[in-house]
Amino acid sequence: MKFIGITFSMLWLCFCGMAQQQFFISTDGIDSNRGSKDAPVASLQKAVELYRQSGVKGNTEIIFREGVYNFAKTVKLGSSDSGSDKLPLVIKAYGDEKVILDAGATLKLDWKPYKKGIYRAEVTQSVTRFEQFFVNGQQKVLARYPNYDASISPYGGWAEDAIAPSRLKKLKGLEGAYYHVIHAARWGGFHYQITGVDKKGNPTLEGGWQNNRPENGLHKKFRMIENTLAELDAPNEWYFDGKYIYFYPADQSELDAKYETDGITEIISMLGSEEQAVKNITLKNLTFQHTARTFMQSKEQLLRSDWAIYRGGAVLMDGAENCQVTQCNFYQIGGNAVFVSNYARNIEVSSCHMANIGASGICFVGSADAVRSPNFHYKEYTKYEDLDLEIGPKTNQYPANCKAYDNLIHGIGEVEKQTAAVQIAMAMDIHVSHNSIYNCSRAGINVGDGTWGGHIIEFNDVFNTVLETSDHGSFNSWGRDRFWQPNRKQIDANVAKHPGLELLDAIHTTIIRNNRMRCDHGWDIDLDDGSTNYHVYNNLCLNNGIKLREGYHRVVENNICVNNSLHPHVWQVNSGDVVSRNIFGSYYFPIAMKDKWGTFIDFNVFDIGEKPTNMNEYNRDLKSIIANPLFINPAEGDYRVQNNSPAIALGFMNFDMDNFGVVSPFLKDLAETPDLPEYAAGLQPGAEPSRDNSVHEWLGGKIKNLVGIGEISATGMHDETGVFVIEVPKGSTLEKFGFKVNDVILDFWGQETHNVERLMDHYENRLKNKKTPLGIWRDQQPAKVYVE
């Protein structure tokens with residue numbers, strides 16, 4: 001009997017131990033309650049405290065009932081809050097109830113007429129600062145110049161005289177205003193705060209640290225200022241001076257409405273370490289909204305990519321393992337939506353909807369402390385003899401084996417312009433699949449460096465990207481890793497001396513496969529400076545093809561580039577690149593390639609009218625053909641080829657055309673899809689060049705006008721201006737004077753040389769009987785050569 005009694009007690013304890021613990025939160029709750037369904041608490045912070053007091057590890061649900069919950073402080077979860085491996089801590093909504101976690105505040109406002117259609121109300125709540133204002137859920141426009149127009153890019157309107165002294169000296173109250181300006185080459189943007197204006201109208205500025213390519217300067221036209229009462233002059237604009245809010249309503253009904261603001265930058269954070277990680281926590285079916293803008297906090301430089309970043313988001317995970325954010329919404333977020341930082345393993349962000357995001361959607365960003373011989377600015381590099389030559393990372397302070405799956409992400413980079421729907425930097429084995437991504441100010445998916453590869457980018461639908469910037473792609477990557485430096489010849493020499501140097505950081509192959517991509521303002525897939533160790537296959541590129549610049553070991557095969565092709569830019573000697581079994585809708589667009597054409601380029605099908613005269617140079621494309629690939633139904637987006645296609649005979653294999661983007665039915669119902677290009681077999685369509693594109697002989701070499709985004713990108717220029725040097729034969733006068741291939745001639749003794757005609761005129765009519773300086777652009781910086 002005693003044995004039976006002990007057994008029964010043990011069974012009872014086991015049964016009790018398996019019962020799931022639940023704590024409930026309600027807008028009608030009271031934090032002194034016990035947190036039951038009938039006696040809920042009022043806040044997540046209190047529910048977490050009750051969970052901690054219970055002593056149970058995981059096997060717990062914290063359940064929100066329907067409603068809006070305002071957060072004045074971030075709820076911070078630590079390693080002691082971890083769930084168990086099989087029984088996580090789950091924070092979720094009750095059933096299908098709509099739960100909103102709001103970082104801001106709700107205001108009660110009593111409007112009084114101010115002047116010229118503007119109303120004013122005193123903010124009586126304890127709110128000292130906010131930069132986003134929402135009326136009945138619609139975001140209003142922070143007072144700005146020029147006035148907002150959604151049809152204008154960038155910034156919804158720009159003005160060359162935004163901070164012109166002649167304009168500013170007429171205005172008052174500019175202290176605290178923000179000055180936003182695009183990078184001179186449109187590589188993202190910069191942000192400044194105006195801290196003062198002198199009597200002549202010259203502003204004092206603080207900021208500019210948000211872009212990691214400051215050496216190129218600021219754009220001369222794409223500028224705007226905001227956050228000053230002096231510019232409040234149009235319907236939908238508003239301003240808050242710390243006491244009063246001023247508002248120009250679009251109609252009188254907006255004077256009796258629901259008013260909300262932004263607030264804190266993080267709503268929930270999970271903060272641990274490699275030794276004591278936060279583990280096994282799930283956030284499910286919650287809506288996050290109204291976090292603060294973070295553009296003035298984006299200060300951390302990310303190696304030698306073009307980025308600086310703020311390490312935070314509406315949900316922040318740092319030092320975390322086996323945590324999940326699923327079926328959540330992120331709306332009207334001022335900064336990043338989800339940030340996975342430093343040490344992180346097996347983090348998943350899945351089946352979420354992210355829209356109207358000020359910065360990036362999902363970020364996987366490690367620590368520079370894990371990188372060997374790190375450098376942070378484009379021109380910085382470590383000499384070979386000083387390099388740490390160990391392979392791979394130095395520490396474990398980076399995200400690995402993480403996933404972004406089945407997410408609908410759009411309206412990205414609404415404030416900051418160096419952003420992406422999915423950003424990866426200093427990370428390993430990140431899986432990005434089945435996401436629908438569109439309406440992005442810069443890239444859809446960005447890989448900032450080669451450390452440490454192993455990423456899989458597959459089944460994504462990415463389009464309408466690079467909307468406010470330039471020289472980028474729906475997918476973009478850089479690889480300015482240990483081997484890389486601005487001097488490509490030195491890269492060649494170092495890699496020849498040390499085979500494998502180029503793979504010290506990019507230790508695993510990154511795979512880009514089975515995606516549909518379209519970029520109308522850059523490239524569909526852009527493997528930029530130094531991108532190394534990539535396998536790119538089974539991708540449908542709908543507009544601007546695939547670009548490969550510098551770098552090593554890229555295999556590009558079995559892709560379809562509709563109406564476009566491969567863009568090879570300044571490849572390295574012995575790059576090991578392979579381009580095979582692709583279908584291209586036009587011939588290649590090479591820039592400064594010479595004889596550096598990789599290891600193998602052949603068995604491609606060119607859907608063009610006639611064979612280019614240089615098609616088989618350097619043993620290139622000897623078995624490739626000019627032919628109609630016989631697509632099944634391109635008008636409906638089915639670019640599979642028929643069984644009798646000549647592409648099949650060369651080894652091309654069909655891949656699915658109906659498996660791109662999100663998979664959850666509720667997200668598929670919401671997701672947009674890209675416009676399909678007009679397709680005509682055997683043609684080589686393309687816009688007419690914006691200016692004369694003919695080649696001219698000069699001083700024994702060849703020059704032409706700089707034309708098109710490809711040449712702009714290859715030279716690092718800001719726009720179509722100057723004369724492009726494309727051939728400098730040995731022994732030529734051009735070589736004698738010191739010119740190099742890829743130089744851009746900008747001025748002749750201080751006189752601008754916008755085009756070949758003007759250069760020739762200067763040379764023939766203004767050459768002096770002594771050395772004459774010519775200003776050039778070389779290796780992405782100004783330089784001088786002298787002719788006589």
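Preceding this section is the structure that the text describes.
Residues numbered from 1 in each chain as written. Predicted model: local features only at pLDDT ≥ 70, side-chain atom pairs only at ≥ 80, totals over all residues. Heavy atoms only, no water.

Moving on to the overall build of the chain. Looking only at helices and strands, the chain has 9 helices and 65 strands in total. If you line up the chain on its principal axes, its C-alpha atoms span 100 × 80 × 55 Å. Summarising the internal contacts of the chain: among those between residues at least 6 apart in sequence, 67% fall at separations of at least 24. Split by element, the accessible area of the chain, about 31800 Å² in all, is 48% carbon and sulfur. (Helix = DSSP H or I, 4+ residues; strand = E, 2+ residues; numbered from the N terminus. Contact = heavy atoms within 4.5 Å. Areas by Shrake-Rupley, 256 points an atom, 1.4 Å probe, with all protein chains shown as cover.)

Let's shift gears to the packing of aromatic side chains. Applying the stated rule across the entire model yields 33 aromatic pairs. Judged by centre distance (5.8 Å) and plane angle (25°), the rings of Y179 and Y192 are stacked. Taken as a pair, Y179 in strand β14 (residues 178–183) and Y192 in strand β15 (residues 189–197) lie far apart in primary sequence, 13 residues in all. Like Y179, the residue Y192 is buried in the burial classification. Members of the aromatic cluster, joined through ring pairs, are W111, F130, F133, W238, F240, F247 and Y259. Above the plane of the ring of Y244 lies R120, whose end atom (NZ or CZ) is 4.0 Å from the centre. (Phe/Tyr/Trp six-rings, centres within 6.5 Å; stacked < 30°, edge-to-face > 60°. Buried < 20%, exposed > 50% of the residue type's maximum accessible area, 1.4 Å probe, protein only. Lys NZ or Arg CZ within 6 Å of the ring centre and 35° of its normal.)

What follows covers the side chain of T282. Looking at the element boundaries, T282 is found in strand β23 (residues 281–284). Residue T282 is classed as buried on the basis of its relative accessible area of 11%. Look past the residues within four positions of T282 in its chain and what remains in contact with it is P88, L89, V90, I91, Q324 and T326.

Among the nonpolar cores identified, the biggest contains 89 residues, and F288 and F330 are the most heavily contacted of them. Tallying contributions element by element places helix α2 (residues 44–54) first for this core, with 5 residues. What F330 contacts, discounting residues up to four positions off in sequence, is F288, A314, V315, V325, A337, V338, C352, H353, M354, A355 and I357. Listed in part, the 20 residues of the second largest apolar core include A368, V371, M428 and A443. (Core = buried A, V, L, I, M, F, W, Y, C linked by side-chain atoms within 4.5 Å.)

Taken as a whole, helix α4 (residues 488–497) has its buried residues at R488, I491, D492, N494 and V495. Buried positions along α4 lie against β48 (546–549). N-capping of α4 is provided by N487, with a side-chain oxygen placed 3.0 Å from the backbone N of K489. (Polar contact = N/O pair within 3.5 Å; in protein donor to acceptor, adjacent residues only side chain to side chain.)

To continue, consider the side chain of D406. Within the fold, D406 resides in the loop between β34 (399–405) and β35 (408–412). Although D406 is buried, it makes no salt bridge; K668 carries the closest opposite charge, 8.0 Å away. If sequence neighbours within four positions are ignored, D406 has contacts with S350, S351, C352, S433, H434, N435, V662, V663, S664 and L667. (Lys, Arg positive; Asp, Glu negative; His and termini not counted. Salt bridge = Lys/Arg side-chain N within 4 Å of Asp/Glu carboxyl O.)

Before going further, it helps to spend a moment on the pattern of salt bridges. Between side chains of opposite charge, a pair can form when the charged atoms approach closely. Counted under the stated rule, the structure contains 35 salt bridges. Between R167 and E231 there is a salt bridge; the shortest N-O distance is 2.9 Å. On the criterion of sequence distance, the pair formed by R167 in helix α3 (residues 165–168) and E231 in the loop between β17 (218–226) and β18 (237–240) is long-range, its members being 64 residues apart. Classification of R167 as buried rests on a relative accessible area of 14%. Residue E231 is classed as buried on the basis of its relative accessible area, which comes to 5%. Put simply, E458 and R513 hold a salt bridge, and the shortest N to O gap is 2.8 Å.

Turning to a positive patch on the surface, a few remarks are in order. A surface patch of positive charge is lined by K489, K594, K730 and K740. Turning to its location among the elements, K594 is positioned in the loop between β53 (583–584) and β54 (600–602). Overall, the relative accessible area of 53% leaves K594 in the exposed class. (Patch = residues over 30% accessible without salt bridge, like charges linked within 9 Å, V, L, I, M, F, W, Y side chains within 5 Å. Charge placed at Lys NZ, Arg CZ, Asp CG, Glu CD.)

The next subject is unusual backbone geometry. Of the consecutive residues Y145 and P146, the connecting peptide bond is found in the cis state with omega at -5°. Of note, the amide linkage connecting S153 to P154 takes the cis form, showing an omega dihedral of 0°. Positive phi, close to 50°, is recorded for N59, a residue that is not glycine. Mapped onto the fold, N59 is located in the loop between α2 and β2 (60–64). The phi dihedral of R186 is positive, around 65°, even though this residue is not glycine. Tracing the backbone shows R186 in the loop between β14 and β15.

Here strand β59 (residues 695–698) runs beside strand β60 (residues 701–705); their pairing, made up of 4 bridges, is antiparallel. Paired with V695 across the strands is K704, a residue of β60. Counting the residues that bridge the hairpin from β59 to β60 gives 2 residues, and of these L699 lies at a positive phi of roughly 55°. (Pairing = 2+ DSSP bridges.)

Next up on the list: the sheet that holds strand β9 (residues 118–122). On the basis of which strands lie adjacent, the open sheet formed by 5 strands has the order β8-β9-β19-β18-β12 and mixed pairing. The sheet is open, and its two borders are formed by β8 (112–115) and β12 (141–142), each paired with just one other strand. Relative to β18, β12 runs parallel, the two sharing 2 bridges. Note that in β18 the partner of V141 across the bridge is E237.

Quick look at α2 now. Residues L44, K46, A47, V48, L50 and Y51 constitute the buried set of α2. Structurally, α2 contributes buried residues whose contacts are with β1 (21–25), β2, β4 (75–77), β5 (89–93) and β21 (268–271).

Taken in spatial order, the 4 strands make up an open sheet running β7-β20-β10-β11, and their pairing is antiparallel. Two strands lie at the open edges of the sheet, namely β7 (106–107) and β11 (138–139), each paired on one side alone.

Another aspect to go through is the state of the cysteines. What the rule picks out here adds up to 0 disulfides. Summary of cysteine pairing: C323 is not part of a disulfide, and the nearest cysteine sulfur, belonging to C402, is at 10.0 Å. Looking at C323, the relative accessible area reads 1%, which means it is buried. Of the cysteine sulfurs around C541, a residue in no disulfide, the closest is that of C561, at 4.4 Å. Taking the relative accessible area as the measure of exposure, C541 reaches 0% and is therefore buried. (Disulfide = S-S within 2.5 Å.)

With that settled, consider the environment of K220. Relative to the assigned elements, K220 resides in strand β17. Sequence separation between K220 and G609 is 389 residues; the distance between their C-alpha atoms is 42 Å.

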